Amino acid sequence: GAVVSQHPSRVICKSGTSVKIECRSLDFQATTMFWYRQFPKQSLMLMATSNEGSKATYEQGVEKDKFLINHASLTLSTLTVTSAHPEDSSFYICSARDARQGITEAFFGQGTRLTVV
Amino acid sequence: KQEVTQIPAALSVPEGENLVLNCSFTDSAIYNLQWFRQDPGKGLTSLLLIQSSQREQTSGRLNASLDKSSGRSTLYIAASQPGDSATYLCADTTNDYKLSFGAGTTVTVRA
């Protein structure tokens, strides 16, 4: 299957600072990327969808000014957690598809464990 | 809104026993259904993808079935091994390209 690389895998930051997480599709062009958040022992909750050439679409309840998403190119999407607070500590996972081939398989990054202290 | 349910939430079996994991979804208008494996603190590994026109997919000891009319999918893992211990998630894709996830089944295979 296709490879999605997410970086960093772990990050610890101080409260009030911003953190950027990168998601790259290594061997395909990701026309659509998704960002998820996962709390301990819970399933993945979709935060936002970004499509090539357009702004991200945020799910209800997700603050778009706090979680900035940039689909910079067909192989890179970034999630920036701005002014992070301890309650933002979570596991963030990105997913990518090549939607030009129809609704195909979704591939996931390795996830980023964010801890805000 | 699509709702995906996985039963049981947790499962513990002795090595060698077959595993049966269930997934149900409320909206049968899905494009495909995927089964994933997640190890603690890790991302998701795709195990099987079943297109809406298919009834099952097989990969090694894994077999997944799909019954759209009843809104169900089942993942079978034959001859379980301790290395199969993980959380298994099912997710379907609807026409907005989004995945809707179940809460997962945490499997423990005892040696």
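All values derive from a computational prediction rather than experimental measurement. (Residues numbered from 1 in each chain as written. Chains lettered and ligands numbered in written order. Predicted model: local features only at pLDDT ≥ 70, side-chain atom pairs only at ≥ 80, totals over all residues. Heavy atoms only, no water.)

Draft legend 1. Structural view of the overall build of chain B. A count of helices and strands for chain B gives zero helices and 11 strands. The N-to-C order of helical and strand elements in chain B reads β-β-β-β-β-β-β-β-β-β-β. Against the globule reference of 13 Å for 111 residues, chain B gives a C-alpha radius of gyration of 13 Å, in line with a compact fold. Taking the principal axes of the C-alpha coordinates as reference, chain B spans close to 40 × 25 × 20 Å. (Helix = DSSP H or I, 4+ residues; strand = E, 2+ residues; numbered from the N terminus. Rg over C-alpha atoms; globule rule 2.2 N^0.38 Å.)

Draft legend 2. The arrangement of the sheet that holds strand β3 (residues 19-25) of chain A in detail. Residues and elements named next belong to chain A. Here four strands make up an open sheet; going across it, the order is β1-β3-β8-β7 and the pairing antiparallel. In this open sheet, the two edge strands, each paired with only one partner strand, are β1 (4-7) and β7 (67-73). Pairwise comparison of adjacent strand axes, ignoring direction, gives a mean angle of 15° for this sheet. Note: β3 against strand β8 (residues 76-81), six bridges, orientation antiparallel. Looking at the pairing, V19 lines up with V81 of β8. (Pairing = 2+ DSSP bridges. Axes fitted to C-alpha atoms, helices over the stretch in contact; angles between N-to-C directions.)

Draft legend 3. Geometry of the state of the cysteines. For the structure on display, the rule yields two disulfides over all chains. Across the disulfide, A:C23 is cross-linked to A:C94 (sulfur-sulfur distance 2.0 Å). Residues A:C23 and A:C94 are joined by a disulfide whose S-S torsion is about 80°; by sign, that bridge is right-handed. Here the residue A:C23 occupies a position in strand β3, and A:C94 occupies one in strand β9 (residues 90-97), the gap between them amounting to 71 residues. Here B:C23 is linked by a disulfide to B:C90, with a sulfur-sulfur distance of 2.0 Å. Across the disulfide from B:C23 to B:C90, rotation about the S-S bond amounts to roughly 80°, and the bridge is consequently right-handed. Linking B:C23 in strand β3 (residues 19-25) with B:C90 in strand β9 (residues 86-93), this pair joins segments that are 67 residues apart in sequence. You can call B:C23 buried: its relative accessible area is 3%. A:C94 provides the cysteine sulfur closest to A:C13, a residue in no disulfide bond, and the two sulfurs are 18 Å apart. (Disulfide = S-S within 2.5 Å. Buried < 20%, exposed > 50% of the residue type's maximum accessible area, 1.4 Å probe, protein only.)

Draft legend 4. Representation of the side chain of A:D88 in the model. Here A:D88 is to be found in the loop between β8 and β9. Apart from the residues within four sequence positions on either side, A:D88 is in contact with A:R37, A:K66, A:F67, A:V81, A:S83, A:L114 and A:V116. (Contact = heavy atoms within 4.5 Å.)

Draft legend 5. Representation of the sheet that holds β3(B) within the structure. All names here are of chain B. Ordered by their spatial adjacency, five strands build an open sheet running β1-β3-β8-β7-β6, and the pairing between neighbours is antiparallel. Two strands bound the open sheet, and with one partner strand each, they are β1 (4-7) and β6 (56-59). Neighbour-to-neighbour, the strand axes of this sheet turn through a mean angle of 15°, independent of strand direction. Across six bridges, the pairing between β3 and strand β8 (residues 72-77) is antiparallel. Residue C23 lies in a different strand from β8, and its bridge partner there is S73.

Draft legend 6. Structural view of the environment of B:N18. Residues and elements named next belong to chain B. Mapped onto the elements of the fold, N18 is located in the loop between β2 (10-14) and β3. With 84 residues separating them along the chain, N18 and G102 place their C-alpha atoms 21 Å apart. Side-chain polar atoms of N18 contact the backbone nitrogen of A79, separated by 2.8 Å. (Polar contact = N/O pair within 3.5 Å; in protein donor to acceptor, adjacent residues only side chain to side chain.)

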